[in-house]
Amino acid sequence: MIVPREELKQLMKNKFMAAGLHEDHAEDMAEVLTWSSERGLHSHGEVRVEYYTERISKGGTTIDPEWTWKQTGPCSGILDGDNGCGYPFAIMGMKKAIELAKENGIGFVGVANVGHTGAISYYTEMAAKEGMIGFSCTQSDPMVIPYGGAEPFYGTNPIAIAAPTADGRIVSFDMATTVQAWGKILDAKSAGRSIPEGWAVDEDGLPVTDPHKVNALVAIAGAKGYGLMMMVDILSGVLLGVPAGKHVSSMYHDLSEGRRLGHLNIAINPEFFCGDKQFREAMSVVLDELNAVKPGVGFDKVYWPGERAQLRIQATKDAGGIEIVDDIYDYLVSDDLYRNSWDHKNRFAE
Ligand code: NAI
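Reading the values: the criteria
- Position numbers for residues count from 1 along each chain, tracking the sequence in the order it is written.
- Predicted model: local features are reported for residues with pLDDT of at least 70 only, side-chain atom pairs are reported and counted for 80 or more only, and whole-chain, interface and lining totals are derived from all residues.
- With hydrogens and water set aside, each side-chain value is computed from the structure's full complement of heavy atoms.
- UniProt positions are given in the numbering used here, feature names are shortened, and annotations may be inferred rather than shown by experiment.
- Here a strand pair is declared whenever DSSP counts at least two bridges between the two strands.
- Numbering of helices and strands runs from the N terminus; a helix is a DSSP stretch of H or I covering at least four residues, while a strand is a stretch of E covering at least two.
- The axes are straight lines fitted to the C-alpha atoms, using for helices just the contacting stretch, and the angles between their N-to-C directions are given from 0 to 180°.
- Contacts between residues were defined by any pair of non-hydrogen atoms, one from each residue, lying within 4.5 Å.
- Classification of residues uses two cut-offs on accessible area relative to the type maximum, computed with a 1.4 Å probe and protein chains only: under 20% is buried, over 50% is exposed, and between them is partly exposed.
- Proximity is defined per residue: any heavy atom of the residue falling within 4 Å of a molecule or strand makes that residue near it.
- Any pair of N or O atoms that falls within 3.5 Å is considered a polar contact. Within protein, one atom must be able to donate a hydrogen and the other to accept it, and sequence-neighbouring residues count only if both atoms are side-chain atoms.
- Each accessible area value is a Shrake-Rupley result obtained with a 1.4 Å probe; residue values ignore everything except the protein chains displayed when judging cover.
- Working note: the arc is built from the helix axis to C-beta atom directions.

For the chain, an unreviewed UniProt entry supplies the name Ureidoglycolate dehydrogenase and the organism Enorma phocaeensis. The annotation that UniProt attaches to the chain under Sequence similarities (unreviewed entry) is "Belongs to the LDH2/MDH2 oxidoreductase family."

Some details on the sheet that holds strand β4 (residues 106-114)
Pairing in this open sheet of seven strands is mixed, and the strands run β2-β3-β4-β10-β5-β6-β7 from one edge to the other. Whereas interior strands pair on both sides, the edge strands pair on one side only; in this sheet they are β2 (68-71) and β7 (170-175). Averaged over all adjacent pairs, the angle separating strand axes in this sheet is 10°, with direction ignored. Relative to strand β6 (residues 159-164), strand β5 (residues 133-138) runs antiparallel, the two sharing four bridges. Paired with G134 across the two strands is A162, which belongs to β6. Packing of helix α4 (residues 86-104) onto the sheet brings it into contact with β2, β3 (76-84), β4, β5 and β10 (261-268), and relative to β4 it is tilted by some 160°.

Re the environment of A216
On the secondary structure map, A216 appears in strand β9 (residues 216-217). Classification of A216 as buried rests on a relative accessible area of 0%. Measuring from C-alpha to C-alpha, the distance between A216 and I322 comes to 32 Å, with 106 residues separating the pair along the chain. Ignoring any residue separated from it by four or fewer positions in sequence, one finds A216 in contact with M143, I145, P152, A200, V201 and F348.

Concerning the site of the ligand
Surrounding the ligand, one finds 20 residues, the nearest of these being H44, G118, D174, A176 and R308. A distance of 3.2 Å separates an oxygen atom of the ligand from a polar atom in the side chain of H116. Relative to its free-state accessible area of 860 Å², the ligand is covered by the protein chains to the extent of 69%. At four residues, the largest contribution of residues to the shell around the ligand is made by β7.

A closer look at the side chain of K189
Checked against the element boundaries, K189 lands in helix α6 (residues 182-191). On the accessibility criterion, K189 (18% relative accessible area) is buried. Beyond its immediate chain neighbours, meaning those up to four positions away, K189 contacts W182, P211, H212 and E350.

Let's talk about the side chain of T34
Relative to the assigned elements, T34 resides in helix α2 (residues 23-38). Its relative accessible area of 0% is what places T34 among the buried residues. Among all residues touching T34, those that are not within four sequence positions of it are R5, K9, M12 and I322.

Looking at helix α10 (residues 326-333)
Among the residues of α10, those classed as buried are I328, Y329, Y331 and L332. The arc enclosing the buried residues of α10, seen along the axis, measures out at 160°, which places them on a common side. In this structure, the buried side of α10 is in contact with β1 (2-3), α1 (5-19) and α3 (49-57).

Quick look at unusual backbone geometry
The backbone of R260 sits at a positive phi, close to 55°, despite the residue not being glycine. Backbone geometry places H344, a non-glycine residue, at a positive phi of 50°. Considering the arrangement of structural elements, one finds H344 in the segment after α10. Given the relative accessible area of 56%, H344 is considered exposed.

This is the structure:
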């Protein structure tokens with residue numbers, strides 16, 4: 001069913017507040033989730049509400065975090081979120097990075113001891129809206145083999161970069177460092193389909209096509225993606241002094257405990273490099289030139305990263321709201337805090 005944007009956001013916010021979150025954090029959570037859903041990223045939208053609500057109500061999210069901000073140099077700082085919700089602290093961290101970059105050209109802000117941060121291009125696009133290049137990366141729970149291994153070690157550790165143009169467009173690249181999300185394997189399981197070779201491995205580290213035999217996911221592009229995934233963990237985990245690698249907490253292990261995740265936000269001010277005007281104008285030219293590239297067979301055009309998300313937002317507006325499944329709407333309008341439990345499940349929420 002189609003739900004108007006603001007109604008969906010309000011319903012999500014109500015749930016978080018019913019679970020005990022204060023209004024400011026509930027607002028940030030609902031806004032980022034709605035932002036994801038309206039661009040078709042439902043895996044990071046309304047489907048997550050029930051899980052977050054269960055975690056909040058079971059004490060695994062600090063409701064009144066005693067957060068601290070420490071500026072550690074002219075361009076750097078650490079925001080410790082005391083295991084509060086990831087979204088508000090990732091937002092606050094990017095605001096701090098932007099402030100530092102306005103003053104000194106670059107802002108490098110670690111966000112430590114927080115919960116899940118969702119679709120991380122929300123934060124990089126905050127920087128782009130301020131005329132800066134935004135970079136974010138974040139830790140997620142171990143479910144991916146290191147290249148050549150047979151056991152999960154790293155998470156799907158995403159990386160995002162966004163940059164502004166002279167004409168209001170924002171190029172926004174945001175990807176998990178795995179070939180596929182776990183959700184796609186779940187879809188195949190429930191539909192009784194096999195999965196393509198190269199998505200996942202079994203207990204011996206061998207490629208599998210039977211979704212029931214999946215023991216771990218694999219990184220994009222073999223050893224190169226594995227390296228990228230590790231660098232994300234170094235930048236957003238080891239560097240910030242939070243648990244790293246295979247010690248990163250599982251999303252579903254124990255919902256009464258804080259996750260202690262790390263997340264990194266960087267803002268880069270073009271004014272301190274080639275200059276703001278030149279940067280934006282050159283970016284506009286690059287995007288136009290990409291769109292003008294002759295499409296390959298089977299493709300309608302060359303899109304720049306983030307362009308298709310803009311088209312999906314427009315389609316959402318044209319449709320009068322965001323399309324969500326009926327069951328989720330029923331849950332959102334009900335008095336239930338959560339209906340299905342994710343507590344004490346394995347890394348694949350089973
Ligand atoms: P994806 O595979 O849908 O897209 C990856 C990138 O490729 C995007 O920037 C997209 O704009 C670009 N792209 C895709 N098709 C394109 C085309 N035809 N032309 C030009 N560009 C194209 O993204 P993925 O890897 O599935 O990640 C989804 C989301 O999950 C991201 O927002 C990510 O931040 C989030 N995530 C969050 C995690 C967390 O723990 N916080 C963990 C893993 C992922």
